[in-house]
Amino acid sequence: MSLLADYRKHTEERAKLGVPPLPLTAKQVVDLVELLKADKIEEEEYLLDLLNNNVPAGVDDAAYVKAAFLNAIVHEDAHSHVIDRMDAVKILGKMLGGFNVGPLIDGLRNRNVAIAQESADQLKNTILVYADFEVIKELMEHGNLFAKEVIESWANAEWFYNKPEMDKEITLTVYKIPGETNTDDLSPASEAFTRADIPLHANSFLVNRMDKPLETMAELKKKGHPLAYVGDVVGTGSSRKSGINSVQWHMGKDIDGIPGKRTGGVVIGSIIAPIFFNTAEDSGCIPIQAPVDKLETGDVITVKPFDGVIEKDGEVVSEFKIEPNTLPDEMRAGGRVPLIIGKGLTAKAREALGMDAGDIFMTPDIPEDNGKGFTLAQKMVGKACGIEGIKPGTYCEPIATTVGSQDTTGPMTRDEVKDLAALSFGADMVMQSFCHTAAYPKPSDIELQHTLPEFWTSRKGFILRPGDGVIHSWLNRLCLPDTVGTGGDSHTRFPIGISFPAGSGLVAFAGVTGMLPLTMPESVLVRFSGEMQPGITLRDMVNAIPHQAIKDGLLTVAKAGKKNIFSGRVLEIEGLEQLKCEQAFELSDASAERSAAACTVYLDKEPIIEYLESNIVLIEELINQGYEDKATLQRRADKMKEWIKNPELLKADPDAEYAAVIEINMNKITEPILACPNDPDDVKTLTEIHEAGLKTEIDEVFVGSCMTNIGLFRANAEVLRGEGAVKAKLWICPPTKMDEKTLQEEGYYSVFGMAGARTEIPGCSLCMGNQASVAQNAYVFSTSTRNFDNRLGKGSQVYLGSAELAAVVALKGKLPTATEYAEIVADKIKPEMTDEIYKYLNFNKVSKEELEAMVG
Ligand code: SF4
C-alpha cells in the first residue's frame with residue numbers, strides 16, 4: 001500500500017479511538033518527500049499539511065529527513081512544485097530547534113538576500129540553539145549583518161515579546177474531581193505503555209476514578225469554553241508528566257506545527273502536589289492553589305490571575321496568590337522550561353553585544369534574610385549553586401549531578417530530549433533503567449528496550465538492561481555525597497545528597513543542561529532518639545513519621561481540608577547517623593508518600609565511605625562487562641575516589657529553621673506500624689488495627705520494590721524457614737540481580753521455594769501494577785512503597801509494612817496481634833543472627849569471580 005493509502009487507513013483507525021494519527025516516522029517522511037518532489041503531485045494540500053503539521057520537531061529522525069529535504073530545496077539541490085525556497089525556510093523555522101538550526105544558519109550566508117533575511121527572521125524566534133549560538137556569534141563577528149540581526153533580536157528578547165502576554169481574564173468551565181486525585185488517576189500505571197502516545201494515553205484519563213470522564217468532558221465543552229481541572233488535592237503520588245500531558249490534551253490548546261501534543265490548560269486545587277505543580281509550570285499549564293469548595297462541575301468561571309480571584313456569576317468565589325511571582329513570564333514563554341532556556345539565550349546575546357543584563361524578565365522574589373543558619377538540604381543546594389546555602393522561597397538553579405529515568409517515563413523523557421533538540425547530555429551522570437517493564441514486557445516495551453539504549457548512550461548516558469533491577473537501587477549507587485539530582489520517578493530520593501524528583505520534561509531539561517530550576521522549599525525536621533526496640537524494623541520507623549505527625553496535629557488522614565506538614569517541603573532526618581546507606585534509603589524513599597519535595601538523611605562518614613568503596617568496585621565491573629557509557633561510568637567512579645580522599649560532609653547549622661520539628665522516641669515504638677488500606681498516611685499499630693476492627697485476613701503478600709534490600713529478604717526467609725507452605729499467596733521480587741544471585745547462592749531461594757512463593761525477576765513487579773498483579777479485590781500485605789487504589793491490582797486493599805511482618809502474615813494468612821508477631825520474630829531472628837542477616841552488598845569484599853557472576 002502507498003504512503004497515502006496507509007496513512008489514511010491509520011488515520012481512520014485512530015479516529016475510531018477518538019485520537020489523531022501518530023506523527024510520521026522517518027521512513028514515512030522519506031516517502032512523503034518523494035511524493036512532494038514528483039513532477040505531478042496529487043493531493044498537494046494533504047501532502048503539505050502532513051509535512052507542515054505531522055512531523056515531530058527537534059532531533060527526531062523524522063525531523064532530520066524533513067530538515068534535509070527543506071535544506072536541499074533552499075540550496076536548489078531538490079525541487080518541489082509546491083514548496084519554493086522561501087516556503088522551505090519558513091517551514092524550517094517552525095521546527096523549534098535541532099536539525100533545522102544548521103540549515104537556517106546556512107541561510108544567513110545565502111547570497112539571495114531574501115533567503116538570508118527570512119532565515120534570520122526564523123532564527124530570531126528559535127531558542128533551542130545551544131552551541132550553535134557560538135556559530136552565529138562568529139558569523140556576526142565576521143561581518144554577517146543577518147547574524148547580527150539575530151543576536152540583537154535575542155538580546156532584546158523578541159522571541160519573548162512576540163508571544164502574547166498571559167491572559168488577564170480566562171473563562172473556563174469547571175470539571176471538578178472531588179477529594180484527592182493522584183497521578184495514577186490521571187495516567188494509570190496499567191496504561192503506561194501508551195504514555196508516549198499522548199492522545200491515546202489521554203483516553204485512560206480518570207477512567208478508574210470518575211464515571212464516564214471522556215463523555216462528561218465532551219458534554220462540558222459544549223458550553224464553548226476550555227475546561228479547568230479542579231480538585232481538593234491534585235497530583236499526589238508519582239512524578240509522571242503523562243498526568244499533565246493528559247490534562248493538557250483534554251483542556252489545553254494545539255501547538256502550531258507540533259503533532260500529538262498540546263500546551264496551556266488551568267489546574268485549580270486547594271492543594272497541588274509540588275512535583276505536579278512544577279510539571280504544570282514547565283509545560284505551560286497554569287497551576288492555581290485556591291480554595292475550591294464553591295466550585296462545582298459545570299460552573300462557568302472567570303479566572304483573573306493578576307487579581308488573584310476566581311469569579312462565578314460576577315461574584316468572587318475564591319482568592320489566591322499567583323505563585324511563583326514569575327508565572328506570567330513563564331506562561332508567556334510557553335512554560336518555565338522555555339523561559340529558562342530563552343532567558344539564558346538572551347543573557348548570552350546581551351553579553352556578546354556588550355549590553356548590561358537589562359530588566360526584560362520578572363525577577364523571582366527573594367525572601368528576607370532572617371540571619372538564621374541553614375538546614376542540611378539548604379546547604380546541599382547552596383553548594384550546588386556555589387554558595388553557602390539557599391533560604392526557603394529563593395529561586396535557584398543548582399547543578400544537577402545525577403539524573404535518573406525509568407522505562408515507563410523514559411519514552412517521554414526521550415521525546416522531551418528530542419523536543420529540546422539536544423544531541424548530548426550536559427549532566428555528569430544520566431541513567432536509564434528498565435525496571436518497570438522487565439517482567440512481562442508488551443511489544444511496545446520490547447521495542448523501547450531495543451531502541452532506547454542507542455539514544456541514551458549516543459548522548460553519553462548510562463543505560464541498564466532489563467532484569468538488572470529497580471532504578472533507585474542502582475541510581476543510589478551512583479550518587480555523590482552532598483550533591484543535587486533529580487529523576488523521572490517520584491521515588492528518586494537519594495540516601496546521600498538530595499534529589500528533587502520531577503516529571504519527564506524537567507528530567508530531560510536537567511539531563512540536557514545539567515541544571516535544575518528550583519524554588520527552595522522549607523524543611524521539616526524529624527529527629528529520632530532512643531534505641532530501636534527488639535522486633536522493630538526500619539519500616540516501622542518509616543511509618544512512625546506520619547504516625548507521630550498525626551499525633552502532633554501536623555497531618556490528617558481525611559482528604560477534605562487535609563493537613564499535611566510534609567507536602568512540598570523537604571523532610572530532613574536526624575538521629576540515625578549510623579544507618580547504612582541502603583537503610584537510609586528506606587526513609588528517604590518513603591518521603592514520596594508524604595508528598596515531600598525531597599529528603600535528606602544525615603549520616604556519619606563511615607557508612608558513606610563504606611557505600612562508595614563498594615560502589616566504585618561495582619561501577620568498574622560494569623565497565624568490564626560492557627555497560628555504556630564507559631567514560632561516564634569511569635568519571636563517576638573517579639569522583640567517588642576523589643571524595644573518599646577528603647571525606648567532608650555538610651551538616652545543618654544548630655540555629656537552622658524548620659517549618660516543624662517532629663520528635664520520635666524509638667524507645668516508645670514497641671510494635672509494628674502499618675499503613676492501612678488504601679492510604680499511605682493512614683498509619684496504625686497492629687494493636688490499633690485490631691481494635692479498630694479492620695479486616696485482617698490477607699490473601700496475598702508481596703515482598704519487593706525499591707523499599708527492600710538484601711537484608712530484608714534474608715530476614716523474611718529466616719521467619720519462613722522450616723514452616724512449610726505459607727497460607728497467603730507469597731510473591732518475592734528482589735530489587736536487583738545482585739540481590740537475587742546472592743540470595744540464591746546463600747540458599748534463601750530454597751526457603752522461598754519450600755514456602756511456595758512465586759519469585760519474580762528483579763524489578764518493580766507488583767509495586768508498579770502494570771505487569772503481574774494481585775487478584776481482583778484481594779486483601780494484600782506489601783513491603784512496597786504505596787497503596788493507592790488499584791495500584792497492585794484492581795480493587796486491591798493493601799497494608800504496607802516490613803518484610804519481617806510480611807513473613808508472619810504469609811504464614812498465618814492474616815495480620816498477627818502485636819504479641820504473636822513479637823514472639824515469632826524473637827524466636828526466628830535471634831540477636832546473634834542479625835549481623836549476618838542485615839549484611840549489605842559490599843562488592844569490594846567479594847572475590848573477582850563472585851563479582852563477575854553477580855553483575856554478569
Ligand atoms: S519499586 Fe515501585 S516505587 Fe520503586 S521504582 Fe518501582 S514502581 Fe516505583
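We now turn to the structure provided with this report. (Residues numbered from 1 in each chain as written. Predicted model: local features only at pLDDT ≥ 70, side-chain atom pairs only at ≥ 80, totals over all residues. Heavy atoms only, no water.)

**Looking at helix α2 (residues 26–37)**
Next, step 1: The first and last C-alpha atoms of α2 sit 17 Å apart over 12 residues, in line with the 16 Å expected at 1.5 Å per residue.
Next, step 2: Those residues of α2 that fall on the buried side of the exposure criterion are Val29, Leu32, Val33 and Leu36. Along the axis of α2, the buried residues cluster in a sector spanning 105°; they form a single face.
Next, step 3: The inward-facing, buried residues of α2 contact α1 (3–16), α3 (44–53) and α4 (61–74). (Helix = DSSP H or I, 4+ residues; strand = E, 2+ residues; numbered from the N terminus. Expected span 1.5 Å × (residues − 1). Buried < 20%, exposed > 50% of the residue type's maximum accessible area, 1.4 Å probe, protein only. Arc of directions from axis to C-beta. Contact = heavy atoms within 4.5 Å.)

**So, the site of the ligand**
Next, step 1: Not every one of the 13 residues close to the ligand is listed here, only the nearest: His491, Cys706, Cys764, Cys767 and Thr785.
Next, step 2: Here the shell around the ligand is built from residues that sort into six nonpolar, five polar and two charged. (Near = heavy atom within 4 Å. Nonpolar A, V, L, I, M, F, W, Y, C, P; charged D, E, K, R; others polar.)

**Some thoughts on the environment of Lys741**
Next, step 1: Mapped onto the fold, Lys741 is located in helix α29 (residues 737–745).
Next, step 2: With a relative accessible area of 24%, Lys741 lands in the partly exposed category.
Next, step 3: Residues Lys741 and Met854, 113 residues apart in the sequence, show an inter-C-alpha distance of 6.0 Å.
Next, step 4: With near-sequence residues (within four places) excluded, Lys741 lies in contact with Ala853, Met854 and Gly856.
Next, step 5: Among the polar contacts made by the side chain of Lys741, one reaches the main-chain carbonyl oxygen of Ala853 at a distance of 3.0 Å. (Polar contact = N/O pair within 3.5 Å; in protein donor to acceptor, adjacent residues only side chain to side chain.)

**Some details on the pattern of salt bridges**
Next, step 1: According to the stated counting rule, one finds 54 salt bridges in the structure shown.
Next, step 2: One salt bridge connects Lys222 with Glu219, and the closest N-O pair in it is separated by 3.1 Å.
Next, step 3: Close ionic contact of Glu718 with Arg721 constitutes a salt bridge, the shortest N to O distance being 3.1 Å.
Next, step 4: Since its relative accessible area comes to 10%, Glu718 is described here as buried.
Next, step 5: Its relative accessible area of 37% is what places Arg721 among the partly exposed residues.
Next, step 6: Put simply, Lys241, Lys261, Glu416 and Asp419 are held in one network by salt bridges that share partners. (Salt bridge = Lys/Arg side-chain N within 4 Å of Asp/Glu carboxyl O.)

**Some points on the nonpolar core**
Next, step 1: In terms of nonpolar packing, the biggest core is built from 128 residues, with Ile573, Val701 and Phe781 touching the most fellow members.
Next, step 2: Val59, Ala67, Leu70 and Phe455 belong to the second-largest nonpolar core, a separate cluster that totals 108 residues. (Core = buried A, V, L, I, M, F, W, Y, C linked by side-chain atoms within 4.5 Å.)

**Remarks on the sheet that holds strand β2 (residues 227–236)**
Next, step 1: Strand order in this open sheet of seven strands is β6-β5-β2-β1-β7-β8-β9, and the pairing throughout is mixed. One side of each edge strand has no neighbouring strand; the edge strands of this open sheet are β6 (286–289) and β9 (315–319). Neighbouring strand axes in the sheet, compared pairwise and without regard to direction, differ in orientation by 40° on average.
Next, step 2: Bridge count for strand β5 (residues 266–272) against β6 is four bridges, and the pairing is parallel. If you follow Gly269 over to β6, its bridge partner there is Gln289.
Next, step 3: Sitting on the sheet, helix α13 (residues 213–221) is in contact with β1 (170–182) and β2, with an inclination near 160° to β1. (Pairing = 2+ DSSP bridges. Axes fitted to C-alpha atoms, helices over the stretch in contact; angles between N-to-C directions.)

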